[in-house]
Amino acid sequence: MSTQLTTHPSTDQTTHPQIDFAARTNESFAHSLKHFWRDGAYQKVVAEAKATGANDVAGLERSMRSSRAYQLYGWLERRAQQVKYQSRWGMTPALAPQQEELSRILDDGAKQHPGRLHLDPAMAMPAYVADTDIHQIPGGIWNGDETAFVYEWATAAVSFSMLDPDTPLDWYAALMRERFAPNTILDIGCTLGGSTRALKRAMPDAEIHGCDVSAPAMKLAHLRTVEAGQEIDFWQMNGEDLGFDDARFDLVTSHWLIHEVPPSALRRIMAEGKRVLKPGGTFAMYDMYLTPGGTIDAWLLDGYAARNNEPFMYQARNLDLQTELEAAGFTDVQIELSGLQANADVLSGKLPNSRTHYMSVITARVPE
């Protein structure tokens with residue numbers, strides 16, 4: 001069995017799971033499927049979709065159902081994820097036998113700076129989390145300690161934005177620093193804390209907190225943050241019911257959260273965000289929302305959501321977020337495409353040669 005070499009700062013024991021040759025080979029196979037899906041199959045589908053002349057998502061779906069290229073594209077989009085997570089040598093079967101050791105790693109990590117990790121065993125898991133194997137991860141990332149390591153392994157690969165995972169997070173964190181210069185920050189739905197640590201790298205003197213409903217995710221986020229030498233508090237907490245005082249933060253933010261929750265939950269998150277923000281504070285979201293490639297772009301995003309167990313993506317894409325934020329009491333709403341992607345071709349509506357997800361920055365302010 002081979003291991004990654006990152007070690008616990010106070011011992012010689014690894015703090016990563018063991019991943020053998022078969023699991024690594026399976027991961028490589030899943031990636032090869034995804035590369036074909038995102039390039040050749042995608043390009044053929046886009047060419048055929050353009051030829052239909054359809055000008056709405058429903059009409060385009062009807063026109064393309066009989067396309068062999070689209071059938072292959074959709075099959076690859078769903079099955080590559082299943083190979084990655086669920087197959088005989090997939091990530092979940094590879095790590096499930098290591099649950100006891102992985103729990104020990106998290107328990108040992110929780111003993112370091114224990115005042116920075118706040119778990120709530122009595123917290124009720126939202127049904128929209130508990131009832132969905134999000135991203136096709138069996139059991140999600142809350143149902144066992146090993147699931148947090150599965151998600152960490154999965155997100156260590158190249159992201160859909162065709163960038164390494166930290167690049168968009170670091171860009172976004174720098175944007176928050178430059179525009180708003182916050183001193184106190186809450187990162188909602190932070191899962192393993194990647195976005196939270198990016199905020200800390202950009203603003204090392206800021207007081208930063210991250211929260212998520214998943215206890216395993218919060219324990220692993222805490223461990224990786226301790227290993228990084230950063231000081232961040234992590235809380236097992238639902239963004240719909242934040243346990244913080246009114247007017248506590250300068251910035252409340254999230255990354256890849258709005259498409260993971262139903263609109264009713266998002267409205268409660270907005271209301272809670274406004275409550276815990278100071279006057280003049282900023283509520284910010286970094287997520288898939290705008291579809292600059294028009295009908296085809298929106299159709300592909302809706303298809304991705306359906307095939308990858310993202311049940312609320314369609315609803316999020318069709319929400320009028322400016323109206324929703326203003327109804328929640330925010331002002332100065334801005335919605336823009338990520339500066340990492342907003343080049344002249346994209347802004348003109350041209351689709352890229354490789355499939356990607358466009359990220360949007362949505363910000364709003366609390367009145368002074």
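Along each chain, residues carry numbers from 1 onward, in the same order as the chain's sequence is written. For a predicted model such as this one, the threshold for reporting local features is a pLDDT of at least 70, and the threshold for listing and counting side-chain atom pairs is 80 or more; totals across whole chains, interfaces and linings nevertheless cover every residue. Only hydrogens and water are removed before side-chain values are computed, so all heavy atoms of the structure are retained for them.

*Asks:* An account of the overall build of the protein is needed here, citing residue identities and associated values.
*Replies:* Within the protein, the secondary structure is distributed over 15 helices and eight strands. The reference for a compact globule is 2.2 Å times residues^0.38; the radius of gyration itself is calculated from the C-alpha atoms. Over its C-alpha atoms the protein spans a radius of gyration of 21 Å, differing by no more than 12% from the 21 Å that the globule rule assigns to 368 residues. For the protein, the spread of C-alpha atoms along the principal axes amounts to about 60 × 60 × 35 Å. Exposed residues in this analysis have more than 50% of their type's maximum accessible area, buried residues have under 20%, and partly exposed residues fall in between, with area computed by a 1.4 Å probe over protein chains only. Residues counted as buried form 54% of the 368 residues belonging to the protein. Only heavy atoms matter for contacts: two residues are in contact if any of them lie within 4.5 Å across the pair. Across the protein, the fraction of contacts at a sequence separation of at least 24, relative to all contacts at a separation of at least 6, is 78%. Only the protein chains shown count as covering a residue, and every accessible area follows the Shrake-Rupley method with a 1.4 Å probe. Total accessible area computed for the protein in this model is approximately 15800 Å², and 51% of it derives from carbon and sulfur atoms. The centroid of the 33 positive side-chain charges in the protein is displaced by 6 Å from the centroid of its 47 negative side-chain charges. To qualify as a helix, a DSSP run of H or I must reach at least 4 residues; to qualify as a strand, a run of E must reach at least 2; elements of each kind are numbered from the N terminus. Note that His is not counted, nor are the chain ends; the positive residues are Lys and Arg, and the negative ones are Asp and Glu. To locate a charge, take NZ of a lysine, CZ of an arginine, CG of an aspartate or CD of a glutamate.

*Asks:* Before we move on, could you go through the pairing of strand β3 (residues 207-212) and cite the residues and values that matter?
*Replies:* β3 sits mainly inside the fold: five of its six residues count as buried. Pairs of strands are assigned from DSSP output, requiring at least two bridges between the strands. Bridge analysis of strand β2 (residues 184-188) against β3 gives five bridges, and the strand direction is parallel. Bridge pairing in β3 links leucine 186 to histidine 209. When the strands point away from the viewer and the connection leading from the first strand across the helix to the second strand turns clockwise, the crossover is called right-handed. Viewed along the sheet, the connection from β2 through helix α9 (residues 194-202) into β3 turns out right-handed. In this sheet, strand β4 (residues 233-236) lies alongside β3 in parallel orientation, the contact comprising four bridges.

*Asks:* Explain the pattern of salt bridges to me, using residue names and the numbers behind them.
*Replies:* Think of a salt bridge as a Lys or Arg side-chain nitrogen and an Asp or Glu carboxyl oxygen that are within 4 Å of each other. Applying the stated criterion across every chain, the model contains 22 salt bridges. Where glutamate 77 meets arginine 307, a salt bridge forms, and the shortest distance between an N and an O atom there is 2.6 Å. Residue glutamate 77 is found in helix α3 (residues 68-85), and its partner arginine 307 is found in helix α12 (residues 294-307); the two are separated by 230 residues along the sequence. Here glutamate 77 and arginine 307 have matching classes, each one buried. In this structure, the salt-bridge partner of aspartate 108 is lysine 111, at a minimum N-O distance of 3.8 Å. When its relative accessible area of 62% is taken as the criterion, lysine 111 is described as exposed. Each of Glu101, Arg104, Asp108 and Lys111 takes part in one network of salt bridges that share partners.

*Asks:* Describe the side chain of lysine 200, and please don't skip the residues or the numbers.
*Replies:* Residue placement: lysine 200 occurs in helix α9. The residues touching lysine 200, leaving out its near neighbours within four places in the chain, are Ala206, Ile208, Gln230, Glu231 and Ile232.

*Asks:* Which residues make up α9, and what values do they have?
*Replies:* Among the nine residues that make up α9, seven are buried, leaving the element largely enclosed by the rest of the structure. The set of residues buried in α9 consists of Ser195, Thr196, Arg197, Ala198, Leu199, Lys200 and Ala202. On its buried face, α9 is in contact with α8 (166-180), β2, β3, α10 (215-227), β4 and β5 (249-255).

*Asks:* If you had to explain a nonpolar patch on the surface to someone new, which residues and values would you point to?
*Replies:* The residues that make up patches have over 30% relative accessible area and no salt bridge, and they are joined within 9 Å when like-charged or within 5 Å when they are Val, Leu, Ile, Met, Phe, Trp or Tyr. A cluster of nonpolar side chains, Phe36, Leu72 and Trp75, forms an exposed patch at the surface whose accessible area comes to about 320 Å². Summarising the element assignment, phenylalanine 36 is placed in helix α1 (residues 21-52).

*Asks:* Break down the packing of aromatic side chains for me, with residues and values.
*Replies:* Between 30 and 60 degrees the pair is tilted, below 30 it is stacked and above 60 it is edge-to-face, where a pair is any two Phe, Tyr or Trp rings, Trp via its six-membered ring, whose centres lie within 6.5 Å. Under the defined criterion, the tally for this structure stands at eight aromatic pairs. Seen from their ring centres, tryptophan 171 and tyrosine 286 are 6.0 Å apart, and the 40° between their planes marks the pair as tilted. Linking tryptophan 171 in helix α8 with tyrosine 286 in strand β6 (residues 277-287), this pair joins segments that are 115 residues apart in sequence. Its relative accessible area of 1% is what places tyrosine 286 among the buried residues.

*Asks:* Describe the sheet that holds strand β1 (residues 117-118), with residues and values.
*Replies:* Taken together, the eight strands give an open sheet; going across it, the order is β1-β4-β3-β2-β5-β6-β8-β7, and neighbouring strands pair in mixed fashion. Either end of the sheet is taken by a strand with one partner, and the two such strands are β1 and β7 (331-337). Where β6 meets strand β8 (residues 360-365), six bridges bridge the pair, whose relative direction is antiparallel. Across the sheet, the residue bridging to alanine 284 is threonine 363, located in β8. A fitted line through C-alpha atoms serves as each axis, taken over the contacting stretch for helices, and the angle formed by two N-to-C directions is quoted from 0 to 180°. Those strands touched by α10 are β1, β3 and β4, and its axis lies near 175° from that of β4.

*Asks:* Can you break down the nonpolar core residue by residue, with the values?
*Replies:* Of all hydrophobic cores here, the largest spans 30 residues; its most connected members are Phe283, Met285, Leu321 and Leu325. Every element with two or more residues in this core is listed here: β2, β5, α11 (263-276), β6, α14 (321-327) and β8. If one sorts the elements of this core by residue count, α11 sits on top with five residues. Those residues in contact with methionine 285 that lie beyond four places of it in its chain are Tyr172, Ser254, Ile258, Leu266, Met270, Leu321, Leu325, Ser360, Val361 and Ile362. With 29 residues, the next largest nonpolar core counts Tyr172, Met176, Ile232 and Tyr304 among its residues. To qualify as a nonpolar core, a set must consist of buried Ala, Val, Leu, Ile, Met, Phe, Trp, Tyr and Cys residues joined through side-chain atoms within 4.5 Å.

*Asks:* Break down the packing of helix α5 (residues 99-110) against α10 for me, citing the residues and quoting the values.
*Replies:* As a packed pair, α5 and α10 sit with axes 9 Å apart at the nearest point and diverge in direction by 60°. Between α5 and α10, the angle falls in the class oblique. As α5 packs across α10, the resulting crossing turns out to be left-handed. Contacts between α5 and α10 involve Ile105, Leu106, Asp107, Gly109 and Ala110 from the first element and Pro216, Lys219, Leu220, His222 and Leu223 from the second. Three categories are distinguished: nonpolar for Ala, Val, Leu, Ile, Met, Phe, Trp, Tyr, Cys and Pro, charged for Asp, Glu, Lys and Arg, and polar for the others, with Gly belonging to the last. Per-class residue counts for the contact of α5 with α10 are six nonpolar, two polar and two charged. In this scheme, roughly parallel covers angles under 35 degrees and roughly antiparallel covers those over 145, while 65 to 115 is roughly perpendicular and the rest are oblique. In a left-handed crossing the near helix is turned counterclockwise from the far helix by less than a right angle, and in a right-handed crossing that turn is clockwise.

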